[in-house]
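Structural features, examined
Chain by chain, the residues run as shown.
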Amino acid sequence: MNMRKEIDYRAIVNPVYLTAKTAVCLMANAGISGAEEIVRKLNVNSVDLGMTDAEMMLGNELVVEAKFRTMCRLIEETGIQTNVDLPCGYTPKVLHMTEKGLRFVGMDLPIVAQEIAPILLSLASHPERIQIHGVDATNLESLTAELNSVDGPICISTEGMMMYFTESEASAVVSNIRHLLEQHGGCWITPDPEFMLQFFLTFQSVLGEKAIRKLEESRKAATGQSDVINLTNSFIVRPADIEGSMERSLAFLRQHNLKAERINLAENMPELSTYRKLTPEQVAAFKSAMGKCFYWKITLDVDRKQKESKQETQPFGMDYTLKDKVFSVSLRGRVDTITAPELLRAWETEKSDHEITAIEVDCSGLPYISSAGLRVLLMMYKSLEDKSRFKMTGVREEVREILETTGFDQLLL
Ligand SMILES: C[S@@+](CC[C@H](N)C(=O)[O-])C[C@H]1O[C@@H](n2cnc3c(N)ncnc32)[C@H](O)[C@@H]1O
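Residue positions within a chain follow its written sequence, with the count starting from 1. With the structure being a predicted model, the display of local features is reserved for residues of pLDDT at least 70 and the display and counting of side-chain atom pairs for 80 or more, all residues being used for whole-chain, interface and lining totals. Note that the side-chain values use all heavy atoms of the structure and ignore hydrogens as well as water.

1. Observations regarding the overall build of the protein chain
- Per the convention used, a helix needs a DSSP run of H or I reaching at least four residues, while a strand needs a run of E reaching at least two, with both numbered from the N terminus. A tally of regular secondary structure across the protein chain gives 17 helices and 11 strands.
- Based on C-alpha atoms, the radius of gyration is set beside the globule rule, defined as 2.2 Å times the residue count to the power 0.38. Its C-alpha radius of gyration of 22 Å places the protein chain within 12% of the 22 Å reference for a compact globule of 413 residues.
- For the C-alpha atoms alone, the extent of the protein chain along its principal axes is close to 70 × 50 × 45 Å.
- Only protein chains enter the accessibility calculation, which uses a 1.4 Å probe; a residue whose area is less than 20% of its type maximum is buried, one above 50% is exposed, and one in between is partly exposed. Burial status across the protein chain gives 56% buried among its 413 residues.
- Here a residue-residue contact requires only that any non-hydrogen atoms of the pair lie within 4.5 Å. Relative to all contacts within the protein chain whose residues are 6 or more apart in sequence, the contacts with residues 24 or more apart total 76%.
- With residues, only the protein chains shown are counted as cover, and all accessible areas are computed by Shrake-Rupley using a 1.4 Å probe. Taken as a whole, the protein chain presents about 17,800 Å² of accessible surface, with 50% of it coming from carbon and sulfur.
- Counted charges follow a simple rule, with Lys and Arg positive, Asp and Glu negative, and His plus the chain ends left uncounted. By convention, the point assigned to a charge is CZ for Arg, NZ for Lys, CD for Glu and CG for Asp. Once the 46 positive and 58 negative side-chain charges of the protein chain are each reduced to a mean point, those two points are 1 Å apart.

2. Focus on the nonpolar core
- Remark: nonpolar core denotes a set of buried residues (Ala, Val, Leu, Ile, Met, Phe, Trp, Tyr, Cys) joined through side-chain atoms within 4.5 Å. With 107 residues, the main nonpolar core has L86, Y90, I156, M162, W188, F235 and F286 as its most contacted residues.
- The greatest single-element share of this core, amounting to 12 residues, is contributed by helix α4 (residues 54–77).
- Counting 37 residues, the second-largest nonpolar core is a separate cluster that includes V329, L344, M392 and V395.

3. Some words on the sheet that holds strand β4 (residues 154–157)
- Only strands that DSSP links by at least two bridges are regarded as paired with each other. Taken in spatial order, the seven strands of this open sheet run β3-β2-β1-β4-β5-β7-β6, and their pairing is mixed. Looking along the sheet, the strands with just one partner apiece sit at the ends: β3 (130–134) and β6 (258–264). Between one strand axis and the next, the sheet turns by 20 degrees as a mean value, whatever way the strands run.
- Relative to β3, strand β2 (residues 103–108) runs parallel, the two being bridged by five bridges. Residue pairing in the sheet places D108 in a bridge with G134 of β3. Here, axes are lines fitted to C-alpha atoms. For helices the fit covers the stretch in contact, and angles between N-to-C directions go from 0 to 180 degrees.

4. Brief notes about the sheet that holds strand β11 (residues 390–393)
- Spatially, β8-β9-β10-β11 is the arrangement adopted by the four strands of the open sheet, whose pairing is mixed. Each of the sheet's edge strands pairs with one partner strand only, and the pair in question is β8 (317–323) and β11. In this sheet, adjacent strand axes meet at a mean angle of 15 degrees when their direction is disregarded.
- Taken together, the seven bridges between β8 and strand β9 (residues 326–332) define a ladder with antiparallel strand orientation. Looking at the pairing, D319 lines up with S330 of β9.
- Together, β8, β9 and β10 (358–365) form the strand contacts of helix α14 (residues 340–353), whose direction differs from that of β8 by roughly 15 degrees.

5. Some remarks on unusual backbone geometry
- Here the residue pair L86 and P87 is connected by a cis peptide bond, since its omega of 10 degrees sits within 30 degrees of zero.
- Inspection of the secondary structure puts P87 in the loop between β1 (82–85) and α5 (93–99).
- Even without glycine at this site, N43 takes up a positive phi of about 60 degrees.
- For N43, the location among the structural elements is in the loop between α3 (35–42) and α4.
- Even without being a glycine, N257 presents a positive backbone phi close to 65 degrees.
- Tracing the backbone shows N257 in the loop between α11 (242–255) and β6.

6. Looking at the side chain of T158
- Looking at where T158 falls in the secondary structure, it is placed in the loop between β4 and α8 (167–184).
- Taking the relative accessible area as the measure of exposure, T158 reaches 0% and is therefore buried.
- At 2.8 Å, the side chain of T158 forms a polar contact with the backbone oxygen of L86.
- A distance of 2.8 Å separates polar atoms of two side chains, one belonging to T158 and the other to W188.
- In this structure, T158 is in contact with M71, L86, P87, I177, W188, I189, T190, P191 and D192, ignoring residues within four places of it in sequence. Polar contacts, as used here, are pairs of N or O atoms within 3.5 Å; protein pairs need one atom able to donate a hydrogen and one able to accept it. Residues neighboring in sequence count only if both atoms are side-chain atoms.

7. Details of the site of the ligand
- For this purpose, a residue is taken to be near a molecule or strand whenever a single non-hydrogen atom of the residue falls within 4 Å of it. The full set close to the ligand counts 18 residues, and P87, D108, D136, A137 and E159 are the nearest of them.
- Between the ligand and the protein, one listed contact pairs a nitrogen atom with a backbone N or O atom of E159 at 2.9 Å.
- Protein chains shield 96% of the accessible area of the ligand, which is 590 Å² for the free molecule.
- Looking at the shell around the ligand residue by residue, the class counts come to 11 nonpolar, four polar and three charged. By the convention adopted, Pro, Cys, Tyr, Trp, Phe, Met, Ile, Leu, Val and Ala count as nonpolar, Lys, Arg, Asp and Glu as charged, and the other residues, Gly among them, as polar.

Next up, the structure:
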């Protein structure tokens, strides 16, 4: 197998992992211990990742540092001995947690897990307390398999992931997390539902009237890196309709048999190193603004009856042929970030050796497709001169719904 090519395919199907490189660069700038060593070993810098504007970086550093330090404190205060960080990205949280005596299970897309695991293990003073696994949060099997050996309750932490999901992906992930909490007990802590408010209030408190422009530049950087346009779904509270979207998000959790307690950021936020870059007035304005921000501690709603469908677990597989310039592929099982690179590799290999003028995708064995899979289908579709020669057959109701809510039905069906 050509390893260089393999890594490229995984990066192409889901480029969102790049956002995690930006995050660790911001952490290094913010003086979070361990971050600078990680950045050096990754050989990245914020300029390469598109962060050049000093004010935009300052706003982002404040958000990232407040999140990092407050999340570490909240996780520790639960008293739970195992922190499952999903997604772990490239952050030094593992170093902080294991120093405090916790066990740390870091989970992220395989491309990230593979790159960060040796770096973290080399920096940790307690590598025996660390596990890092490649998963796809939408794929229940990938999560449960990695947690089989973990005893006792778990504290799942999720920073900076939920906003990148489509509606069906967010629903799959919340359902999976509920499943993990049912299996292990514990809680899920996340700043993600109200992330937009934290960004907005942080930027406004230190940048005043420039805030909106700098936020827009930041949003563009995040969407550009992730190839995700909206940064919202039913889990995310929107500043334009706080009340309505908050109710919708809590209802979304209730549907999954979960409930949330909102935890005030200002009341739980430790002192930040980034204050050294601010005037006393900016620090005061920032702290006061964080009084309006909340992180969510989510637990099982034991009073409610569970009504959940199980995720279909047929393993991924595909058969393909190329005949008379027609590429025919039949898909089985889930096409997600873990499995989509296989489809992309098959397609790219055939395409580089032969002329292809039509594509037929048999979806009768396909119960689920994530945006990584849709991205591959879109690449295949776009490669055809005559777009009407792209055909999907046997599309099941669940997949049709995903295509419709993402707008892909307009092109692919
Ligand atoms: C903004 S980064 C946040 C990383 C880290 N929590 C932090 O605070 O820096 C988003 C992360 O989500 C991960 N991610 C995106 N989709 C995922 C999925 N389906 N399963 C697991 N991780 C995913 C990306 O690989 C990336 O590491």
